[in-house]
Amino acid sequence: MKSFQKTISLPPFPRGFHLITDVLLKEFPELKEIQTGIFNVFIQHTSAGLTINENADPTVRKDFETFINDLIPENYKKFIHDYEGSDDMPAHIKSSLFGSSVQIPVKNGRLLLGTWQGVYLCEFRNYGGSRKLVLSVFGV
């Protein structure tokens, strides 16, 4: 059994849904040493999330942003946690809905994503800043 782990920092991204699959592959060449295994990506933040979805048409990412903002609006009158602004509590709820990690099977040193799948950073803050990700792979 082999295992590799590292923490990387992403540069600040604007609010929205951003494909980061290529960044993950570039920053984690150890993945190529795994013939069969699991790749885990975990974000160390409570106001951003991770998901896997469409990697080709950017309108999908725009529609995600539109829908999630309609579902969980800023300036919701019943929110009391707003220490860091009107996007603070909505970002925490969105992060919990999307989740803080994704797992992807690995075969022959490659991620077994579908043809049209990619890993998204879901940035829910207007000014979220740099984000830290823990990348782990386990396998043979």
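Please refer to the structure higher up on the page.
Residues numbered from 1 in each chain as written. Predicted model: local features only at pLDDT ≥ 70, side-chain atom pairs only at ≥ 80, totals over all residues. Heavy atoms only, no water.

Asks: What exactly am I supposed to notice about unusual backbone geometry here?
Replies: Phi is mostly negative for residues that are not glycine, and the peptide bonds are mostly trans. For Asn75, which is not glycine, the phi torsion reads 60° and is therefore positive. With respect to the secondary-structure elements, Asn75 resides in the loop between helix 2 (58–71) and helix 3 (88–98). (Helix = DSSP H or I, 4+ residues; strand = E, 2+ residues; numbered from the N terminus.)

Asks: Looking at this model, I keep getting lost on the sheet that holds strand 8 (residues 131–139). Mind explaining?
Replies: Each strand in a sheet pairs with its neighbour through backbone hydrogen bonds, running either in the same direction (parallel) or in the opposite one (antiparallel). Spatial ordering of the open sheet is given by 1-8-3-5-6, a layout of five strands whose pairing is antiparallel. Each end of this open sheet is capped by a strand with a single partner; those strands are strand 1 (2–10) and strand 6 (110–111). Both strand 3 (residues 36–43) and strand 5 (residues 101–107) contribute to a ladder of seven bridges, which runs antiparallel. Across the sheet, residue Phe39 finds its bridge partner in strand 5, namely Ile104. (Pairing = 2+ DSSP bridges.)

Asks: Looking at this model, I keep getting lost on the nonpolar core. Mind explaining?
Replies: General note: in soluble globular proteins, nonpolar side chains tend to be found buried as a group. The biggest cluster of nonpolar side chains holds 22 residues, and the ones touching the most others in it are Ile20, Leu24, Phe39, Val41, Leu133 and Leu135. When contributions to this core are tallied by element, the ones reaching two or more residues are strand 1, strand 3, strand 4 (48–54), strand 5, strand 7 (117–123) and strand 8. The residues touching Ile20, leaving out its near neighbours within four places in the chain, are Leu10, Phe13, Leu50, Val119, Tyr120, Leu121 and Leu133. Membership of the second largest hydrophobic core comes to seven residues, among which are Phe17, Ile68, Ile72 and Ala91. (Core = buried A, V, L, I, M, F, W, Y, C linked by side-chain atoms within 4.5 Å. Buried < 20%, exposed > 50% of the residue type's maximum accessible area, 1.4 Å probe, protein only. Contact = heavy atoms within 4.5 Å.)

Asks: Please explain the side chain of Asn40 as it appears in this structure.
Replies: For Asn40, the location among the structural elements is in strand 3. Looking at Asn40, the relative accessible area reads 18%, which means it is buried. Only 2.7 Å separates the side chain of Asn40 from the side chain of Gln103, close enough to count as a polar contact. Excluding residues that lie within four positions of it along the chain, Asn40 makes contacts with Ser101, Val102, Gln103, Val134, Leu135 and Ser136. (Polar contact = N/O pair within 3.5 Å; in protein donor to acceptor, adjacent residues only side chain to side chain.)

Asks: How should I be thinking about the sheet that holds strand 2 (residues 16–19) in this particular structure?
Replies: Spatial ordering of the open sheet is given by 2-7-4, a layout of three strands whose pairing is antiparallel. Either end of the sheet is taken by a strand with one partner, and the two such strands are strand 2 and strand 4. Between one strand and the next, the sheet's axes are offset by a mean angle of 35°, whatever the strand orientation. Inspection of the sheet shows strand 4 paired to strand 7 by seven bridges, in the antiparallel sense. Residue pairing for strand 7: Leu50 is matched across the bridge by Leu121. In the packing of helix 2 onto the sheet, contacts are made with strand 2, strand 4 and strand 7, and the angle to strand 2 comes to roughly 150°. (Axes fitted to C-alpha atoms, helices over the stretch in contact; angles between N-to-C directions.)

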